[in-house]
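Each chain, written out:
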Amino acid sequence: MLIRIFGVAFFASFNAPSLVASLANEHRMLPKVIGKKNRHDAPSIAIILTAILTALFTTQSYLFLVSCTVLASFVQYVPSILAVIKFKHTNEFPTHGFDLPGKYLIPVLALAVSCYMVTNFTKKTLLLGTIVAMLAAVAYFFINKDEEAEARHESFLAALRNEKK
């Protein structure tokens, strides 16, 4: 368990500043200054911001940090579970190679376990998760739509519909 936690922390220490810089430079969801790179092409402002955030988190208890990690996993897994149910139900994507034994049994059980996990979070963890969710919702409104990507997606869906006919 300690090796896994160290691996996640090590990965995040390199990945987080790049993601923050990408949100600023490529997606324009954060101020451009946050994505500023130094002469070594490293996102220096993003590195400083993630270091400050990390320092704030290190003042917390180990159990709080573990529950934050579990909450972050929950936030990633639940949409994936819901997407599996939606795609299986609507047949929006090709189903070859995608077969669910017991139809919806596995995703529904996974969703139930995930929902049960939420009941075990402390109020402090849920408060932090709520604050992060609200910040993400606000940031969502600053996303510039990529019209070209949306057009490719629509043509892909149209081709799938034609293939099924």
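Residues numbered from 1 in each chain as written. Predicted model: local features only at pLDDT ≥ 70, side-chain atom pairs only at ≥ 80, totals over all residues. Heavy atoms only, no water.

Trainee: Looking at this structure, I do not really get the overall build of the chain. What am I missing?
Mentor: Of the regular secondary structure elements, the chain holds 6 helices and 0 strands. Beginning at the N terminus, the succession of helices and strands in the chain can be written as α-α-α-α-α-α. Across the 165 residues in the chain, those meeting the buried criterion constitute 16%. Contacts spanning at least 24 positions in sequence make up 56% of the contacts within the chain whose residues lie at least 6 apart. Summed over its atoms, the accessible surface of the chain is roughly 12,500 Å², and 71% of this surface lies on carbon and sulfur atoms. (Helix = DSSP H or I, 4+ residues; strand = E, 2+ residues; numbered from the N terminus. Buried < 20%, exposed > 50% of the residue type's maximum accessible area, 1.4 Å probe, protein only. Contact = heavy atoms within 4.5 Å. Areas by Shrake-Rupley, 256 points an atom, 1.4 Å probe, with all protein chains shown as cover.)

Trainee: Can you help me understand the environment of F141 in this one?
Mentor: Positionally, F141 belongs in the loop between α5 (123-140) and α6 (147-164). Residues F141 and M29 lie 112 residues apart in sequence; the distance between their C-alpha atoms is 8.4 Å.

Trainee: Can you walk me through unusual backbone geometry in this structure?
Mentor: A positive phi is found at D41, a non-glycine position, where the angle reads about 65°. With respect to the helices, strands and loops of the structure, D41 is situated in the loop between α1 (2-25) and α2 (44-58).

Trainee: Just to check I follow, could you spell out the packing of aromatic side chains for this structure?
Mentor: Remark: the centre distance and the inter-plane angle together describe each pair of aromatic rings, the angle taken between the planes. This structure, assessed with the given rule, holds 0 aromatic pairs. Positioned over the ring face of F64 is K124, at 4.7 Å from the centre of the ring. (Phe/Tyr/Trp six-rings, centres within 6.5 Å; stacked < 30°, edge-to-face > 60°. Lys NZ or Arg CZ within 6 Å of the ring centre and 35° of its normal.)

Trainee: Whenever I open this one, the packing of helix α3 (residues 62-90) against α5 confuses me. Can you help?
Mentor: Axis angle and axis distance: for two packed helices, these are the angle between their axes and the distance between the axes, and together they describe the pair. Contact geometry for α3 and α5: axes closest at 10 Å, N-to-C directions at 45°. Of the possible angle classes, the one that applies to α3 and α5 is oblique. For the crossing formed where α3 meets α5, the hand is right-handed. Residue-level inspection shows F64, S67, C68 and L71 of α3 in contact with α5, the latter providing K124, T125, L128 and G129. Within the contact of α3 with α5, the residues separate by chemical class into 4 nonpolar, 3 polar and 1 charged. (Axes fitted to C-alpha atoms, helices over the stretch in contact; angles between N-to-C directions. Parallel < 35°, antiparallel > 145°, perpendicular 65-115°, else oblique. Left-handed = near helix turned anticlockwise from the far one by under 90°. Nonpolar A, V, L, I, M, F, W, Y, C, P; charged D, E, K, R; others polar.)

Trainee: I would appreciate a short explanation of the side chain of S114 in the present structure.
Mentor: Mapped onto the elements, S114 comes out in helix α4 (residues 105-118). We classify S114 as buried; its relative accessible area is 8%. Every residue in contact with S114, bar those within four places of it in the chain, is listed here: F74, V78 and I81.

Trainee: Looking at this structure, I do not really get α1. What am I missing?
Mentor: In an α-helix, one full turn covers 3.6 residues, which means residues spaced three or four apart are oriented alike. In this model, α1 (24 residues) spans 34 Å end to end at C-alpha, consistent with the 34 Å of a helix rising 1.5 Å per residue. Among the residues of α1, those classed as buried are P17, A21, S22 and A24. Structurally, α1 contributes buried residues whose contacts are with α2. (Expected span 1.5 Å × (residues − 1).)

Trainee: How should a nonpolar patch on the surface be read in this particular structure?
Mentor: Taken together, the side chains of I48, L49, I52, L53 and L56 make up a nonpolar region of the molecular surface, amounting to roughly 470 Å² of accessible area. By secondary structure assignment, the location of L53 is in helix α2. (Patch = residues over 30% accessible without salt bridge, like charges linked within 9 Å, V, L, I, M, F, W, Y side chains within 5 Å. Salt bridge = Lys/Arg side-chain N within 4 Å of Asp/Glu carboxyl O.)

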